[in-house]
Amino acid sequence: MAQFFSGKDGKVTVDGQQLGRIRSWSFSSSVEALEVTSLADVARDYTAGLKSGSGSCTAWYYGDAPVPLLSKVVKTGAATDADMVTMTLGWGDRAVTFKALLTSGEISCQVGEVMQANLSFNVCGDLAEVNL
Amino acid sequence: MAAIPFPPVLPTGRSYSPGRYAQSEFQSLNGATTILRLGSQRHESELSLDFDNITDDNAALILASYDAQNIGDNWVQFDASNGTAGASAQLAAYLGETITGLRWRYADPPQVRSVFPGRSSVTVKMRGYLDS
């Protein structure tokens, strides 16, 4: 039977430290399409442009689980380059590693539920490591 | 003075104006207008070419064409491999000014905008001169 991955295999590592109580994460990578269609063409043509990546993760507010990320965006004073983190999104023995800038942090609290923090980030520069 | 072929770079956008016929207009006090036609040939036609997301090497070819046209007071010729690409033969005759004898020269220096490593967008504005 082919190997498959599920939610229990997922993990998030920030600056070398694995975060606990992660509920979910997602990652999106895209390549900009630069149009090179000339007036002699009959169909649109493209070449590869800039890559970009972004993602989000949700962490249960269980102990200090989301704090390493949440503290980068929910803070007093201005955000700086020092708030960028090295993030690894892993599943099983696979992972994607990159430098990330936290762009939003949302804390939600609801009766009968454990609090959770929703975090969004953008990838800064190229991916450092990819093992799909 | 000699004709210099425009480099073989296909445009991604193009606009053309056929220019005007030389004439003088006189308006009398009652509002009637008299038009004196001073010539039988058009002059100052305009051709604007866009080269979006072309390679930097092709952008350099266009800049070299600008130098070559100006250094020897030459003029530029277009054909289907460059400025008139995708046009019918009838329209290409106008775009290349092969039916009028107007000579294309650069109206302004080419504008080069770098968009990606190795890729640039160039805008070229030509003016058709009626040489004496």
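Just so it is clear, the model here is predicted, and its values are computed rather than measured. (Residues numbered from 1 in each chain as written. Chains lettered and ligands numbered in written order. Predicted model: local features only at pLDDT ≥ 70, side-chain atom pairs only at ≥ 80, totals over all residues.)

1. Here we look at the overall build of chain A
A tally of helices and strands in chain A yields one helix and seven strands. In chain A, the succession of helices and strands from N to C terminus is β-β-β-β-α-β-β-β. The C-alpha radius of gyration computed for chain A amounts to 18 Å, which surpasses the reference 14 Å derived for 132 residues by more than 25%, pointing to a less compact arrangement than a globule. Expressed along its principal axes, the backbone C-alpha trace of chain A runs to roughly 65 × 50 × 30 Å. Burial status across chain A gives 16% buried among its 132 residues. A separation of at least 24 residues holds for 61% of the contacts in chain A among residues at least 6 apart in sequence. (Helix = DSSP H or I, 4+ residues; strand = E, 2+ residues; numbered from the N terminus. Rg over C-alpha atoms; globule rule 2.2 N^0.38 Å. Buried ≥ 20, exposed ≤ 12 C-beta atoms within 10 Å, placed from the backbone. Contact = placed C-beta atoms within 7 Å.)

2. Focus: the overall build of chain B
A count of helices and strands for chain B gives two helices and nine strands. Reading the secondary structure of chain B in the N-to-C direction produces β-β-β-β-β-α-β-α-β-β-β. Counting only C-alpha atoms, chain B reaches 65 × 30 × 30 Å along its principal axes. Of all 132 residues assigned to chain B, the portion counted as buried reaches 26%.

3. Looking at the interface of chain A and chain B
At the interface, ten residues of chain A touch eleven residues of chain B. Breaking the side of chain A that touches chain B down by element, the ones donating at least two residues are β3 (22–35) and β4 (46–60) of chain A. Looking at the side of chain A that touches chain B element by element, the count peaks at three residues for β4(A). Looking at the side of chain A that touches chain B residue by residue, the class counts come to five nonpolar, four polar and one charged. (Nonpolar A, V, L, I, M, F, W, Y, C, P; charged D, E, K, R; others polar.)

4. Concerning the sheet that holds strand β5 (residues 85–91) of chain A
Residues and elements named next belong to chain A. The antiparallel open sheet is built from seven strands, whose spatial order is β2-β1-β5-β6-β7-β4-β3. The open sheet has two edge strands, β2 (17–18) and β3, and neither has a second partner. Summarising the sheet, strand β1 (residues 10–14) and β5 pair through five bridges and their orientation is antiparallel. Opposite threonine 13, over in β5, you have threonine 88 as the bridge partner. (Pairing = 2+ DSSP bridges.)

5. What to know about the nonpolar core
Residue and element names in this part refer to chain B. One finds Phe51, Ile62, Val76, Trp104 and Val122 to be the most contacted residues of the largest nonpolar core, which totals 18 residues. For this core, the elements supplying multiple residues, two or more each, are β5 (45–55), α1 (56–71), β6 (75–77) and β9 (119–129). Residue contributions to this core peak at four residues, all from β5. With residues near it in sequence (within four places) discarded, isoleucine 62 still touches Pro7, Val9, Phe51, Pro110, Val122 and Val124. (Core = buried A, V, L, I, M, F, W, Y, C linked by C-beta atoms within 7 Å.)

6. Details of the environment of Gly86(B)
Mapped onto the secondary structure, Gly86(B) falls in the loop between β6 and α2 (89–95). Its 15 C-beta neighbours within 10 Å are what place Gly86(B) among the partly exposed residues. The sequence separation of Gly86(B) and Leu10(B) amounts to 76 residues, and the corresponding C-alpha distance is 9.2 Å. For Gly86(B), the contacting residues outside a window of four places in its chain are Leu39(A) and Ala40(A).

7. Let's talk about the confidence of the model for chain B
Chain-level pLDDT for chain B is 94 on average; 100% of the residues reach the 70-or-more range. The complex prediction reports pTM at 0.83, with the ipTM value standing at 0.83. (pLDDT = per-residue confidence, 0-100.)

8. Here's the deal with the pairing of β4(A)
Residues and elements named next belong to chain A. Taken together, the twelve bridges between β3 and β4 define a ladder with antiparallel strand orientation. Each residue of the ladder has a partner; that of serine 26, found in β4, is serine 56. Here seven bridges tie β4 to strand β7 (residues 116–131), and the two strands are oriented antiparallel to one another. Each residue of the ladder has a partner; that of glycine 55, found in β7, is phenylalanine 121.

9. Looking at the environment of Thr88(A)
Residue and element names in this part refer to chain A. Here threonine 88 shows up in strand β5. Taking the number of C-beta atoms within 10 Å as the measure of exposure, threonine 88 has 19 and is therefore partly exposed. Sequence separation between threonine 88 and phenylalanine 98 is ten residues, and the spatial gap between their C-alpha atoms is 6.6 Å. The contact partners of threonine 88, leaving out residues within four places of it in the chain, are Thr13, Ala95 and Thr97.

10. What about unusual backbone geometry?
Leave glycine aside and you will find that most residues have negative phi; peptide bonds, for their part, are mostly trans. Residues and elements named next belong to chain B. The phi dihedral of aspartate 73 is positive, around 50 degrees, even though this residue is not glycine. Its 9 C-beta neighbours within 10 Å are what place aspartate 73 among the exposed residues. With a phi angle near 55 degrees, glutamate 97 is a residue other than glycine that sits in the positive phi range. For glutamate 97, a count of 24 C-beta atoms within 10 Å puts it in the buried group.

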